[in-house]
Amino acid sequence: MKILFYMPHADAGAWLHDFARALPEANLREWQPGDREPADFAVVWRPPREMFESRDDLRAVFNLGAGVDAILALEHANPGTLPRHAQVVRLEDSGMAPQMAEYVTHAVLRYMRRFDEYERQQTERRWREIDPHPRATFTVGVLGLGVLGAHVAKTLASFDLPVRGYSRGAKQIDRVATYAGDAQLDPFLDGVKVLVNLLPHTPDTRDVLNARTFSKLARGAYLVNVARGGHLVEQDLLDALAHGQLAGATLDVFREEPLPPDHPFWREPRVTITPHISAVTLREDSVVQVARKIQSMMRGEPVTGVVDLARGY
Ligand code: NAP
Ligand code: GLV
């Protein structure tokens, strides 16, 4: 079988080497502009539209990330871009869930134990004890209970924090109070002290982190956005911080990445910024997962992680 690979800024040689070991029968090549040779599968991250031109031979497009918003945006901007018969398959965990749990747990505990305030005190050489937030009311709400959100919610529950989770369809998770669907969004948000976003970026979830959402949370709540920058109405966050409705935010994703040097978030001490690293794609785990799925498809078996294009995730 023939496989096309495209991942900007990656060591393509290392990826192709690992894929060749996992799929010795495959004929692999890095996609270059103008490539019109036949291919059965594409393995990509943020591909250009041109990659899919005259590519109705593809059986599947494997996305080297959990979020498929960049691929679906190509289709949205130019309907018919995606190969007609190809399934879009995204990464499922492949080592991202533990990373996400580490990142979010770190942010939540930092706020609960008030390390953010101690960091600010240190810049003033100030020695002052601050009471930690009471655990019993330090409710963490996780938006999105998929592969990553469910793992994050379970991990937070293991710290005996009150944890809520929100998804589209109903879910049952041990020690997590679950809410589902539009009608349960407000009860889910009501009084939450840390709001963690792990929703996919779709037309339904765009701008979900907005002034209305923040107004439902406990006063002085915190935001942890690890999903996509397009979920957050940035000015609403700045206003909520200015008015004390929010006390801090940890942001890993932004509408524009890299975050421009003159962006006001850089100057806001209550905003903690990381450069989209909360859960990175791990080459070894991803190659194993994608290779297994390609082998299943070659045997005519169904695979998991197939994106519902209409739903957007
Ligand atoms: P997933 O398994 O597809 O889970 C998505 C969850 O969101 C599901 O629980 C789904 O509900 C829920 N959901 C979707 N639309 C909804 C809506 N309109 N209302 C309520 N709930 C909705 O995705 P995942 O693998 O956990 O990844 C989540 C996102 O994390 C990715 O899409 C990506 O954007 C982001 N991410 C970021 C990084 C990073 O480094 N910053 C790394 C990896 C992923 P159902 O379960 O009912 O379908
Ligand atoms: C990273 O942002 C991913 O979606 O995997």
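The numbering scheme is per chain: residues are counted from 1 as the chain's sequence reads. The naming scheme follows written order: chains are lettered A onward, ligands numbered 1 onward. Since the coordinates come from a predicted model, pLDDT governs what is reported: local features require at least 70, and pairs of side-chain atoms require 80 or more to be given and counted, while whole-chain, interface and lining totals use all residues. Here the side-chain values reflect all heavy atoms present in the structure, with hydrogen atoms and water set aside.

The chain goes by Glyoxylate/hydroxypyruvate reductase A in an unreviewed UniProt entry, where it is assigned to Paraburkholderia gardini.

A cutoff of 4 Å decides nearness: a residue is near a molecule or strand if any of its heavy atoms lies inside that distance of it. Around ligand 1 there are 31 residues in total, and Arg90, Leu148, Gly169, Lys171 and Tyr313 lie nearest to it. One nitrogen or oxygen atom from the main chain of Val226 is found 2.9 Å from a nitrogen atom belonging to ligand 1. Asp252 has a polar side-chain atom sitting 3.0 Å from a nitrogen atom of ligand 1. Residue-level accessible areas treat just the shown protein chains as cover; the underlying method is Shrake-Rupley with a 1.4 Å probe. Starting from 940 Å² of accessible surface for ligand 1 in isolation, the protein chains cover 92%. Elements supplying a minimum of two residues to the shell around ligand 1: helix H3 (96-112), helix H5 (147-157) and strand E7 (163-167). When residues in the shell around ligand 1 are grouped by element, the largest group, 3 residues, is from H5. Amino acids outside the nonpolar list (Ala, Val, Leu, Ile, Met, Phe, Trp, Tyr, Cys, Pro) and the charged list (Asp, Glu, Lys, Arg) are all regarded as polar, and Gly is one of them. Across the shell around ligand 1, the residue classes tally to 15 nonpolar, 9 polar and 7 charged. Segment limits for the domains were obtained from an automatic or database-derived domain assignment. Domain assignment of the residues forming the shell around ligand 1 places at least three in each of domain 1 (2-94 + 281-298) and domain 2 (96-273). Polar contacts, as counted here, are pairs of nitrogen or oxygen atoms within 3.5 Å of one another; within protein the pair requires one atom able to donate a hydrogen and one able to accept it, and residues that are adjacent in sequence qualify only if both atoms are side-chain atoms. Helix and strand labels come from DSSP, where a helix needs a run of H or I of at least four residues and a strand needs a run of E of at least two; each type is numbered from the N terminus.

Moving on to the sheet that holds strand E1 (residues 2-6). Only strands that DSSP links by at least two bridges are regarded as paired with each other. Taken in spatial order, the 5 strands make up an open sheet running E2-E1-E3-E4-E5, and their pairing is parallel. At either margin of the open sheet sits one strand with a lone partner, and together these are strand E2 (27-30) and strand E5 (87-90). Neighbour-to-neighbour, the strand axes of this sheet turn through a mean angle of 20°, independent of strand direction. Across 4 bridges, the pairing between E1 and E2 is parallel. Across the sheet, residue Lys2 finds its bridge partner in E2, namely Asn27. Between two residues, a contact is recorded if the distance between any of their heavy atoms is within 4.5 Å. To get an axis, fit a line to the C-alpha atoms, keeping to the stretch in contact for a helix; angles then go from 0 to 180 degrees between the N-to-C directions. Along the sheet face, helix H1 (residues 12-22) touches E1, E2 and strand E3 (41-44) and points at about 170° away from the line of E2.

The next thing to look at is the packing of H1 against helix H9 (residues 283-298). Where H1 contacts H9, the axes come no closer than 10 Å and their chain directions differ by 45°. In terms of orientation, H1 lies oblique with respect to H9. Viewed along their axes, H1 and H9 form a crossing whose handedness is right-handed. In this structure, H1 uses Ala14, Trp15, Asp18, Phe19 and Ala22 to contact H9, whose residues at the interface are Arg283, Ser286, Val287, Val290, Ala291 and Gln295. Should an angle fall under 35 degrees it is taken as roughly parallel, and over 145 as roughly antiparallel, whereas 65 to 115 is taken as roughly perpendicular and any remaining angle as oblique. It is the rotation of the near helix from the far one that decides the hand of a crossing: anticlockwise by less than a right angle makes it left-handed, clockwise makes it right-handed.

If you check the shell around ligand 2, you find Trp45, Gly65, Ala66, Gly67, Met96, Arg228 and His276 and nothing else. Within the side chain of His276, a nitrogen or oxygen atom sits 2.7 Å from an oxygen atom of ligand 2. In isolation ligand 2 exposes 190 Å². Once the protein is present, 88% of that is buried. Class assignment of the residues belonging to the shell around ligand 2 gives a composition of 3 nonpolar, 3 polar and 1 charged.

Attention shifts here to the UniProt feature "domain: D-isomer specific 2-hydroxyacid dehydrogenase NAD-binding" (unreviewed entry) in the chain. UniProt positions are given in the numbering used here, feature names are shortened, and annotations may be inferred rather than shown by experiment. Per the UniProt entry, the sites bearing "domain: D-isomer specific 2-hydroxyacid dehydrogenase NAD-binding" (unreviewed entry) are residues 107-278 in this numbering. From the first C-alpha to the last, residues 107-278 spans 11 Å; its make-up is 27% helix and 19% strand.

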